[in-house]
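Coordinate analysis (summary)
As a plain string of letters, each chain reads:
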Amino acid sequence: MPSKTEPSDSLFDRLVAREEKRGLILVAFLRICMLAFILLLFSKPDSPTGKLYTLLEVLGWFIPGVFIQLFVAFRGGKTYWMIYLLAVIDAALIVYVSVVPDPLNPLIDHPAWLYGFVVRDRGVVFSMIMMALVIMTFSPRLILWFGFWLFVAWCGAIWWLVTRPGVIVSQHFGDEWNPTQQELIDTYNLPEFVDISALAEQVIIVIVFTLACAVMVSRLRVLINQFAAAERAHGNLARYFPTALADQLADRDEPVRVGERRECVILFADIMGFSRFAEKRDPQEVMRFLNQFHQITTSQIGAYGGIVEKYIGDAVMASFAAFDNLERPAANAFCAAQAIINQVAEWQATDPADGDEPLRIGVGLNFGAAVVGDIGQREAMTSAVIGASVNLAARLEQATRELGSEMVISADFANKLRNEVPVCAPVLLAPYSQTETIQVKGFSEPVGVLFRPVEQG
C-alpha cells in the first residue's frame, strides 16, 4: 500500500514515482505471502478457536486488496484514494479475525472460554504482520493512517470483548475484591479470563511502534532527498570542474584553498599547425575536431589522476598533485601524455584532419613548485595553478616545434620520475635520449630538457 506520488517534472521525482509503482507490485506480492504465512503458522484445524477452512475464507477477504494495489500501480493519478480506503478495511479485518472465534458467524454467542482462547492464540500478531507490510510502502502518511484505524479497531474490539457474557476481564478487579495470591492465580488461569490490560498494552506497543516507524521513514525520506540534492549539485559542479576538484568543492563550505605552494606536475598539450588548419575549415568542422581532441585529452588525464585546469583554444593545461595527493604524479603524467599522443595518432591515422596530412600534437611536462588557490571574485571564482613551473611547461610544449619532437620534458621532471619509479624510469625515458639545454623566454638561466625527435616520413 504505497503512498501517493505527486506528479513532478524533475528527474528525481520521476524516478521516485517509478520506484513507488514498483513498490505497489512488490507489496501486492508480499500481501499474498503474508496470507500464506498467517495460514501456515496460526491456523490450527484441531484448535478450539476455529477450523482451517473458516480462517481461510475470512483471510480470503484480504486478497482483493492485491488487485486494488495492482490497479492503482498501473493507473495511478486519482485512484490513490483506494489505497487509503484499503488501509481502513485492512485494519478492521485484521483486528476482526484476531478476536472473533468464528468470523463467518460473528453474532453467535460462543462459550466464554472460547474468547479467552482466541485472544491468547492470536493477539496482536496479525496486526504486527500487517503493520510491517504497510511500513514497506515507505509512506509516513499511510503508516500513520493505518496505525490510527488499527487503534480505533482495537478499541472497538476490546470493548466488544468486555461485553461478552461470561468473560472475566482484568478490569473487573477492584478495591472491593482483595484476593489471596492463590485466588489471583486461579482467576488468571480460568479459561474465561481475558487479560484486557495486557492486550491494551500490546496495542499501545503497536501504536508506539507505528509512530516510531512513521518518524523514521519521514526522516529517511528527508535524508534521501538531501542526498539526492547533494548528488545533483555535485553533478552540476562536475560539468564545470574536474571530478577531483568537484569532490573537494562538494565536501567543503569554504573555497578549496586560500593559497598554497605545492610541488606538482604540469602538462601542456597543443595541436601543431591548428591555426593553419582552422583557417581552411568550416566552424562546425573546427569545433568537431576540437571536441574530439579535448575528449581524448580529458579522458586520459582523468584516467591517470590529473585535473584539467583549462582549455586554451586547441591547448590543454593539466596538473597532477596540485589539488590532491598523488603517490606518483610524474609517472601518472608521463603515462597520460603517452596515452594522449598514441590515441591522437590512432585517430589521425583513420581520420586525418588535414587531408592526407595528419595533425600532430606537442606535449610539455615539467615538475616544480606552483601556487595553488582560488582566484577571481565571489560571482566568478575559479581554481588556478600559477607560477614559474607552469610557464616553463607551456614553453616546453612550444619547444616541441623547434626540437621536432612530440613531447619535451624538463630535467626536473625526469629526476622526479626517476625518484618515483627507479626501476621503470630508465625504460620509460630510454626513447628520450636526446638532451639539450635551451634558452626559454622569461627565464634567465638555460633549461635542460629531454626529447625524442620524430622521424619525418
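Coordinates for the structure precede this section.
Below or above, wherever it landed, is the structure these notes cover. The numbering scheme is per chain: residues are counted from 1 as the chain's sequence reads. With pLDDT at 70 or above as the cut-off, local features in this predicted model cover only qualifying residues; side-chain atom pairs require 80 or more to be listed or tallied, and sums for whole chains, interfaces and linings still use all residues. Calculated side-chain values reflect all of the structure's heavy atoms, with hydrogen atoms and water omitted.

Overview of the pairing of strand S5 (residues 315-320)
- Exposure categories follow from relative accessible area, calculated using a 1.4 Å probe and restricted to protein chains: below 20% of the type maximum is buried, above 50% is exposed, and the middle band is partly exposed. Secondary structure elements follow DSSP: runs of H or I of four or more residues count as helices, runs of E of two or more count as strands, with numbering from the N terminus. Across the 6 residues that make up S5, a large majority, 6, are buried.
- Neither face of S5 is open: one carries Ala315, Met317 and Ser319, the other Val316, Ala318 and Phe320, and all of them are buried.
- By the convention used here, strands pair only if DSSP detects at least 2 bridges between them. Where strand S3 (residues 260-271) lies against S5, 5 bridges are found, and the strand directions are antiparallel. Bridge pairing in S5 links alanine 269 to valine 316.
- The sheet contact formed by strand S4 (residues 307-312) and S5 spans 5 bridges and is antiparallel. Its bridge partner being in S5, tyrosine 311 is matched across the sheet by valine 316.
- The antiparallel pairing of S4 with S5 creates a hairpin that spans 2 residues between the two strands, and glycine 313 there sits at a positive phi of about 65 degrees.

Side note on the packing of aromatic side chains
- Only Phe, Tyr and Trp rings are paired, with Trp represented by its six-membered ring, and only when their centres lie within 6.5 Å; those with planes under 30 degrees apart are stacked, over 60 edge-to-face, the remainder tilted. Taken as a whole and assessed by the stated rule, the structure comprises 8 aromatic pairs.
- Between the aromatic rings of phenylalanine 148 and tryptophan 149, the centroid separation amounts to 5.2 Å while the plane-to-plane angle is 80 degrees, which identifies the pairing as edge-to-face.
- Classification of phenylalanine 148 as partly exposed rests on a relative accessible area of 47%.
- When its relative accessible area of 29% is taken as the criterion, tryptophan 149 is described as partly exposed.
- Where phenylalanine 277 meets phenylalanine 289, the ring centres are 4.9 Å apart and the plane angle is 45 degrees; that geometry is what we call tilted. Of this pair, phenylalanine 277 sits in helix H11 (residues 274-279) while phenylalanine 289 sits in helix H12 (residues 283-303), and the two are 12 residues apart along the sequence.
- In this structure phenylalanine 289 comes out as buried when scored by relative accessible area, which is 3%.

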